[in-house]
Amino acid sequence: MATRLVQINMKARDDSALGRFWAEALGWGVDSEGPGVTNLEPVGFVYPGPGAVCIDIVAGPEPKTVKNRVHLDLATTSPAHQAEWVARLKGLGATPVDVGQGDVPWTVLADPEGNEFCVLEPRAVYRNTGPIAAVVVDCADPREMARFWGEAMDWSVHEVTDDHATLRSAEGVGPYLEFLRTPDTKSVWNRVHLDVRPYPGDDLAAEEVRLRALGATDPGIDRSAVQWIVLADPEGNEFCLLSPL
């Protein structure tokens, strides 16, 4: 058994408005599965698939209080493309933010609800990822995160160092999942988190048992009102285990 990363989940005060921002930013389609939930995916994409990590935006009243531990890196093809995209994103409502990045070739912005993201300078490694180059997770130990997530999912581990770890779909398409060593520690529930799914025919309960054996823990929420399973990785980052599909 194995899971795969199918989407990221963002909390928002206004899911529809934030959904419109990200749909226009990425050039994706927007849909809604019900009040308070906005779904984004590439136009014509067949969900779930390795070619994209989709975005679910879910309404929630909790305010953003700290820097997100999960963010998106956006890919560009040239310096001109990077400059054009930054200008267009600002026109859509993004704002520049300082997260201590210093003098770097990428641009750090925040979406209209304050969620940080980066518009990267052109990098050959992200040439065929689509608009999202990587989903980036702050962590204390990239090696341990690569160990856990590399066994939790069927994605391939590409690089592991003391400061950085990278995974990607075994099919070599879509964005990367990256773990970046940072000095800050997790202090609140993540407003952006990963959602993973087992494959058709897999047993959801057995998959939960397997993930717990790898080091996943129970974050202690009331599961009576949800149909999915909420777990936390070895550094306490919440993630959702969805039904096989």
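The model shown is predicted, which means the values in this text are computed figures rather than measured ones.

**Student:** Can you help me understand the pairing of strand 9 (residues 132–139) in this one?
**Tutor:** Consecutive side chains of a regular strand alternate in pointing toward one face of the sheet and then the other. Within strand 9, eight of the eight residues are buried, which leaves it mostly tucked inside the rest of the structure. Inspection of the sheet shows strand 5 (residues 70–74) paired to strand 9 by five bridges, in the antiparallel sense. Bridge pairing links Leu-72 to Val-135 in strand 9. Taken together, the six bridges between strand 9 and strand 12 (residues 176–181) define a ladder with parallel strand orientation. What sits directly across from Val-137, in strand 12, is Phe-179.

**Student:** Can you help me understand the sheet that holds strand 4 (residues 54–59) in this one?
**Tutor:** Strand pairs in the sheet, formed through backbone hydrogen bonds, run parallel or antiparallel to each other. Sheet architecture is open: seven strands sit in the order 2-3-4-1-13-15-14, paired in mixed fashion. Looking at strand neighbours, the two that pair on one side only are strand 2 (29–34) and strand 14 (229–232), the edges of this open sheet. Sheet twist, expressed as the mean angle between neighbouring strand axes with direction ignored, is 30 degrees. Judged from the seven bridges that link them, strand 1 (residues 3–12) and strand 13 (residues 192–198) form a sheet pairing that is antiparallel. Within the sheet, the bridge partner assigned to Arg-4 lies in strand 13 and is Arg-197.

**Student:** Sorry, what's going on with the pairing of strand 12 here?
**Tutor:** In this structure, strand 11 (residues 164–168) lies alongside strand 12, joined through five bridges in antiparallel fashion. Of the residues in strand 12, the one forming a bridge with Thr-166 is Glu-178.

**Student:** Quick question: what am I supposed to make of the nonpolar core here?
**Tutor:** Nonpolar side chains in soluble globular proteins tend to be buried together. With 51 residues, the main nonpolar core has Trp-22 and Trp-149 as its most contacted residues. When neighbours within four sequence positions are excluded, Trp-22 is seen to be in contact with Met-10, Leu-40, Ile-57, Leu-72, Leu-74, Asp-111 and Phe-117. Within the second largest apolar cluster, nine residues are counted, among which are Cys-118, Tyr-126, Ala-133 and Tyr-176.

**Student:** How do you make sense of empty space enclosed by the protein when you look at a structure like this?
**Tutor:** What the rule picks out here adds up to two cavities of 30 Å³ or more. By volume, the largest cavity is sized at about 60 Å³. Of all the elements in the fold, those that place two or more residues in the lining of the largest cavity are strand 1, strand 5 and strand 8 (116–119). Tallying contributions element by element places strand 5 first for the lining of the largest cavity, with three residues.

**Student:** How should the side chain of Thr-182 be read in this particular structure?
**Tutor:** Along the chain, Thr-182 turns up in the loop between strand 12 and strand 13. A relative accessible area of 15% means that Thr-182 is categorised as buried. Thr-182 has contacts with Arg-69, Asp-138 and Cys-139, leaving out every residue within four places of it along the chain.

**Student:** Whenever I open this one, the layout of surface pockets confuses me. Can you help?
**Tutor:** If a probe the size of a water molecule is rolled over the atoms, the empty space left behind becomes visible. Roughly 540 Å³ of internal volume is contained in the largest pocket. Every residue lining the largest pocket is counted, 26 residues in all, and those nearest its centre are Asn-9, Asp-56, Asp-195, Trp-228 and Leu-242. Within the residue set of the lining of the largest pocket, elements represented by two or more residues are strand 1, strand 3 (37–41), strand 4 and strand 13. For the lining of the largest pocket, a count of residues per class yields 13 nonpolar, six polar and seven charged. In this model, the second largest pocket occupies a volume close to 440 Å³. Together, 21 residues line the second largest pocket, and His-71, Trp-106, Cys-118, Val-136 and Leu-180 are the ones closest to its centre. Contributing elements (two or more residues each) for the lining of the second largest pocket: strand 5, strand 8, strand 9 and strand 12. In terms of residue count, strand 8 provides more of the lining of the second largest pocket than any other element does, three residues in total.

About the criteria used
Residues numbered from 1 in each chain as written. Predicted model: local features only at pLDDT ≥ 70, side-chain atom pairs only at ≥ 80, totals over all residues. Heavy atoms only, no water. Buried < 20%, exposed > 50% of the residue type's maximum accessible area, 1.4 Å probe, protein only. Helix = DSSP H or I, 4+ residues; strand = E, 2+ residues; numbered from the N terminus. Pairing = 2+ DSSP bridges. Axes fitted to C-alpha atoms, helices over the stretch in contact; angles between N-to-C directions. Core = buried A, V, L, I, M, F, W, Y, C linked by side-chain atoms within 4.5 Å. Contact = heavy atoms within 4.5 Å. 1 Å grid on protein atoms, 1.4 Å probe; cavity = no way out; pocket = protein on both sides within 12 Å on 5 of 7 lines; lining within 4 Å. Points joined across faces, edges and corners; volume = space filled by probe spheres on them. Nonpolar A, V, L, I, M, F, W, Y, C, P; charged D, E, K, R; others polar.

By themselves these figures say nothing about function.
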